[in-house]
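The residues making up each chain are set out below.
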Amino acid sequence: MSEVQKPVYGGQAVVEGVMFGGKHHTVTAVRRKDSTIVYYHLPRESKPVMNRLKKIPFVRGIVALIQSSANGSKHLNFSTEQYEEEAGGTKVEKKKEVKESSRFSVWLSVAVIGVLSFLFGKLLFTLVPVFLAELTRPIFSSHLAQILVESLFKLILLLVYIYVVSMTPLIKRVFQYHGAEHKVINCFESGKELNVANVQASSRLHYRCGSSFILFTVIVGMFVYLLVPTDPLWLRVVDRVLLIPVVLGIAFEVLQLTNKVRDIPVLRYLGYPGLWLQLLTTKSPSDDQVEVALASFNELLKMEKSTEEGLDSDVIV
């Protein structure tokens, strides 16, 4: 009998905490200034249209991005609020849920803000390299040279941005929680007992990381842009904007592919560029930070198990 496949979990670092997501729930654990841990819970809403779109290759990446931006923004807002609040006398504050009557309106507003913020950043990192590359046209005039220079500027801009923001104390701690999130997932997927020692011994790099996805958009974009002209400038700009969904969709499929082949000796190297970028976007966490990540993950496992058992009880035999 084949071994039962483990469920796939994802996560996200937030301010002084970690969010984990499963099939039915997303949970964030945040350590407040008084050292207590508080939780935020959001059930995953089943939307038939979205579920159908998530089964279509190259389209599912866009859908996943929209959903993760919407949910991630809620969890990030919660963590920021908790971190800024004065420490109270309550030891542990349990799960906070969105009211049914306003859930859709809240989801819609946060989704719009999250998607617009992402698109603004994507436009910035997409168009600035175009104009910089255009300045080098007297030296690098060929189509291929322009694409290579543009991609190089995009990569440099990305690396410099990550390096600069990582120097700020707050983002440095977020990157440590990012490392803690990866360590917990790697520990779980390896089948080891979930404790601080085993988690700390696990890698802080992971093939499914969003950092890898960002880097793959640069690599994929370079090949996609080879198919469209770089002159005149206005057409180049229009092409870059219109091709954003195409690049994102393909990059998502590449990310999924590298994760599937990560245990194959030769093909595992396909995901290495993304892992190298994670050396910047993740930092080694402290034991206290790992404890928060474990608290979030264990809370998620408990809620997922409870939901699955409830579904099983509804089955008529």
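Owing to the predicted nature of the structure, the values given are computational and were not obtained by experimental measurement.

Conventions adopted
Residues numbered from 1 in each chain as written. Predicted model: local features only at pLDDT ≥ 70, side-chain atom pairs only at ≥ 80, totals over all residues. Heavy atoms only, no water. Pairing = 2+ DSSP bridges. Helix = DSSP H or I, 4+ residues; strand = E, 2+ residues; numbered from the N terminus. Phe/Tyr/Trp six-rings, centres within 6.5 Å; stacked < 30°, edge-to-face > 60°. Buried < 20%, exposed > 50% of the residue type's maximum accessible area, 1.4 Å probe, protein only. Lys NZ or Arg CZ within 6 Å of the ring centre and 35° of its normal. Contact = heavy atoms within 4.5 Å. Polar contact = N/O pair within 3.5 Å; in protein donor to acceptor, adjacent residues only side chain to side chain. Salt bridge = Lys/Arg side-chain N within 4 Å of Asp/Glu carboxyl O. Axes fitted to C-alpha atoms, helices over the stretch in contact; angles between N-to-C directions. Parallel < 35°, antiparallel > 145°, perpendicular 65-115°, else oblique. Left-handed = near helix turned anticlockwise from the far one by under 90°. Nonpolar A, V, L, I, M, F, W, Y, C, P; charged D, E, K, R; others polar. Patch = residues over 30% accessible without salt bridge, like charges linked within 9 Å, V, L, I, M, F, W, Y side chains within 5 Å. Areas by Shrake-Rupley, 256 points an atom, 1.4 Å probe, with all protein chains shown as cover.

Q: Quick question: what am I supposed to make of the pairing of strand E1 (residues 10-14) here?
A: Consecutive side chains along a regular strand alternate between the two faces of the sheet. In this structure, E1 lies alongside strand E2 (residues 17-21), joined through 5 bridges in antiparallel fashion. Bridging from a neighbouring strand, Val 14 pairs with Gly 17 of E2. In sequence, E1 turns back onto E2 through a hairpin of 2 residues, with Glu 16 there showing a positive phi of about 55°.

Q: When you look at the packing of aromatic side chains in this model, what are you seeing that I'm missing?
A: Centre-to-centre distance and the angle between the planes together describe a pair of aromatic rings. Evaluated as defined, the whole model comprises 8 aromatic pairs. Between Tyr 269 and Tyr 272 the ring centres are 4.9 Å apart and the planes differ by 65°, which places this aromatic pair in the edge-to-face class. Ring geometry for Tyr 272 against Trp 276: centres 6.2 Å apart, planes inclined by 75°, an arrangement best described as edge-to-face. Pair noted here: Tyr 272 and Trp 276 are both in helix H10 (residues 272-281), with a separation of 4 residues, about one helical turn. Under the relative-accessibility criterion, Tyr 272 is labelled partly exposed at 22%. Here a set of aromatic residues connected by ring pairs shows up, and it is made of Tyr 9, Phe 20, Phe 188 and Phe 297. Over the ring of Tyr 225 we find Arg 240; its NZ or CZ atom is 3.9 Å from the centre of that ring.

Q: It is not clear to me how the environment of His 75 should be interpreted in this structure. Could you clarify?
A: Within the element layout of this structure, His 75 appears in helix H2 (residues 60-84). Taking the relative accessible area as the measure of exposure, His 75 reaches 0% and is therefore buried. Along the primary structure His 75 and Tyr 40 are separated by 35 residues, whereas in three dimensions their C-alpha atoms are 7.2 Å apart. Non-local contacts of His 75, meaning those with residues more than four positions away in its chain, are made with Val 14, Met 19, Thr 26, Val 27, Thr 28, Tyr 40 and Leu 42. Side-chain polar atoms of His 75 contact the side chain of Thr 26, separated by 2.9 Å.

Q: When you look at the pattern of salt bridges in this model, what are you seeing that I'm missing?
A: A side chain of one charge can pair with a side chain of the opposite charge if their charged atoms are brought near each other. Summed over the entire model, instances satisfying the criterion amount to 10 salt bridges. We note a salt bridge from Arg 236 to Glu 150, for which the minimum N-O separation is 2.8 Å. In this pair, Arg 236 sits in helix H8 (residues 233-242) while Glu 150 sits in helix H4 (residues 143-166), placing the two residues 86 residues apart along the sequence. A relative accessible area of 0% places Glu 150 in the buried class. Here Arg 208 makes a salt bridge to Glu 189, at a shortest N to O gap of 3.2 Å. Here Arg 208, found in the loop between helix H6 (196-200) and helix H7 (210-225), pairs with Glu 189, found in helix H5 (residues 169-189); they are 19 residues apart in sequence, far enough to count as distant. Here the salt bridges share partners, and the residues they tie into one network are Glu 134, Arg 137, Glu 150, Arg 236 and Arg 240.

Q: Explanation requested: the packing of H7 against helix H9 (residues 244-260) in the structure shown.
A: To characterise two packed helices, one gives the angle between the axes of the helices and the distance between these axes. Between H7 and H9, the shortest axis-to-axis distance is 8 Å and the interhelical angle comes to 120°. In terms of axis orientation, H7 runs oblique to H9. Considering how the two elements wind past one another, H7 and H9 form a crossing that is right-handed. The segment H7 lies against H9, with Ser 212, Phe 213, Phe 216, Thr 217, Val 220, Gly 221, Val 224 and Tyr 225 engaging Val 247, Leu 248, Ile 250, Ala 251, Phe 252, Val 254, Leu 255 and Thr 258. A class-by-class count of the residues in the contact of H7 with H9 yields 12 nonpolar, 4 polar and no charged.

Q: Can you walk me through a nonpolar patch on the surface in this structure?
A: There is a patch of nonpolar side chains on the surface, built from Leu 144, Leu 148, Ile 219, Phe 223, Leu 226 and Leu 227 and spanning about 590 Å² of accessible area. Of all the secondary-structure elements, those providing two or more residues to the nonpolar patch are H4 and H7. With respect to the helices and strands, the residue Ile 219 is situated in helix H7.

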